[in-house]
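Listed here are the chains, written in short residue letters.
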Amino acid sequence: MSKVSLPHHHGDNTEYVIERMPSYNDCNEVADMFKQISDSTRLRIFWLLCHCEECVSNIAAAMEMTDPAVSHHLKLLKKGGLIVSRREGKEVYYHVADNEKSELLHHACEAMFKIACPCEHEHEHNH
Ligand SMILES: [Zn+2]
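Residues numbered from 1 in each chain as written. Predicted model: local features only at pLDDT ≥ 70, side-chain atom pairs only at ≥ 80, totals over all residues. Heavy atoms only, no water.

Engineer: Where do I start with the overall build of the protein chain in this structure?
Structural biologist: A count of helices and strands for the protein chain gives seven helices and three strands. In the protein chain, the succession of helices and strands from N to C terminus is α-α-α-β-α-α-β-β-α-α. Its C-alpha radius of gyration of 20 Å places the protein chain more than 25% over the 14 Å reference for a compact globule of 127 residues. Across its three principal axes, the protein chain shows a C-alpha extent of roughly 65 × 40 × 25 Å. (Helix = DSSP H or I, 4+ residues; strand = E, 2+ residues; numbered from the N terminus. Rg over C-alpha atoms; globule rule 2.2 N^0.38 Å.)

Engineer: Would you mind showing me how to read the pairing of strand S3 (residues 91-96) here?
Structural biologist: A regular strand places its side chains on the two faces of the sheet in alternate fashion. One ladder, built from two bridges, connects strand S1 (residues 54-55) with S3; its direction is antiparallel. Looking across to S3, one finds that Glu54 is bridged to Tyr94. Hairpin connection between strand S2 (residues 83-88) and S3: a loop of two residues separates the two successive antiparallel strands, and Gly89 in this loop has a positive phi of roughly 65 degrees. (Pairing = 2+ DSSP bridges.)

Engineer: Just to check I follow, could you spell out the packing of helix H4 (residues 56-63) against helix H5 (residues 67-79) for this structure?
Structural biologist: Two quantities define a packed helix pair, namely the angle between the axes and the distance from one axis to the other. Two elements in contact, H4 and H5, have axes separated by 9 Å at closest approach and are oriented at 105 degrees. Between H4 and H5, the angle is such that the two are roughly perpendicular. Residues Val56, Ser57, Ile59 and Ala60 of H4 touch H5, and the partners they reach there are Asp67, Val70, Ser71 and Leu74. Of the residues assigned to the contact of H4 with H5, the class counts are five nonpolar, two polar and one charged. (Axes fitted to C-alpha atoms, helices over the stretch in contact; angles between N-to-C directions. Parallel < 35°, antiparallel > 145°, perpendicular 65-115°, else oblique. Contact = heavy atoms within 4.5 Å. Nonpolar A, V, L, I, M, F, W, Y, C, P; charged D, E, K, R; others polar.)

Engineer: It is not clear to me how the coordination of the zinc ion should be interpreted in this structure. Could you clarify?
Structural biologist: Ideal values differ by geometry: the angle at a metal is 109.5 degrees with four tetrahedral donors, but 90 or 180 degrees with six octahedral donors. On the protein side, the zinc ion has His51 (NE2), His106 (NE2), Glu110 (OE), Glu110 (OE) and Cys117 (SG) as donor atoms, found 1.8 to 2.8 Å from it. For the zinc ion, the single-chain donor residues occur in sequence as H-x54-H-x3-E-x6-C. Of this pair, His106 sits in helix H6 (residues 100-113) while Cys117 sits in the loop between H6 and helix H7 (118-126); the two residues are 11 residues apart in sequence, bridging distant segments of the chain. (Donors = N, O, S within 2.8 Å, 3.2 Å for Na, K, Ca; no water.)

Engineer: Explain H4 to me, please; I cannot follow it from the model alone.
Structural biologist: Among the residues making up H4, those that are buried are Val56, Ile59, Ala60 and Met63. All buried residues of H4 lie within an arc of 100 degrees about the axis, which places them on one face of the element. At its buried positions, H4 is contacted by helix H3 (40-51), S1, H5 and S3. Phi for Glu64, located one or two positions after H4, is positive at around 55 degrees. (Buried < 20%, exposed > 50% of the residue type's maximum accessible area, 1.4 Å probe, protein only. Arc of directions from axis to C-beta.)

Engineer: Got a minute to help me understand the confidence of the model for the protein chain in this structure?
Structural biologist: Low-pLDDT stretches of the model should not have their predicted coordinates read in fine detail. Overall, the prediction assigns the protein chain a mean pLDDT of 89, with 92% of residues at 70 or greater. Within the protein chain, no element has a lower average pLDDT than H7, which sits at 60, and none a higher one than H4, at 98. (pLDDT = per-residue confidence, 0-100.)

Engineer: Mind showing me how you'd approach the state of the cysteines here?
Structural biologist: Throughout this description, disulfide means a covalent bond between two cysteine sulfur atoms. Using the criterion set out here, one finds zero disulfides in the structure. Here Cys50 stays free of any disulfide, with the sulfur of Cys109 as its closest cysteine sulfur at 6.4 Å. The exposure class assigned to Cys50 is buried, which follows from its relative accessible area of 7%. (Disulfide = S-S within 2.5 Å.)

Engineer: What am I meant to see in the packing of aromatic side chains here?
Structural biologist: Aromatic rings considered in pairs are described by the distance between their centres and by the relative angle of their planes. Taken as a whole and judged by the stated rule, the model has zero aromatic pairs. One residue, Arg20, lies across the ring of Tyr16, its end atom 3.6 Å from the ring centre. (Phe/Tyr/Trp six-rings, centres within 6.5 Å; stacked < 30°, edge-to-face > 60°. Lys NZ or Arg CZ within 6 Å of the ring centre and 35° of its normal.)

Engineer: Quick question: what am I supposed to make of a nonpolar patch on the surface here?
Structural biologist: On the surface, Met112, Phe113 and Ile115 cluster together into a nonpolar patch covering about 330 Å² of accessible area. Look at Phe113 and you get partly exposed, because its relative accessible area is 49%. (Patch = residues over 30% accessible without salt bridge, like charges linked within 9 Å, V, L, I, M, F, W, Y side chains within 5 Å. Areas by Shrake-Rupley, 256 points an atom, 1.4 Å probe, with all protein chains shown as cover. Salt bridge = Lys/Arg side-chain N within 4 Å of Asp/Glu carboxyl O.)

Right under this line is the structure:
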């Protein structure tokens, strides 16, 4: 990485930080992740699927939306790698993807809204 030369010198720390700044590529990936949940409906669907596996019709009922409207959001979440689907007979079930990205978003949104995670609640009862 080339050394950055700043027009003003206010100490060495900024240059040290700039040299370690994430690349545009890395930032694009993170920005895309946030784009996934930049819609309140999608965020609610994502949160729901963090705690249960459900089909389009039940998710639509929970969101008080139509099946096609929910399908559209599910498609985006799936494309973004946040959720996965599983077919069982005629039914397709959706659930949060098992990856670090999903886990981070799950806990970030709960921390931001100060909502209790039903998983942790369940956990307490299991012990
Ligand atoms: Zn949770």
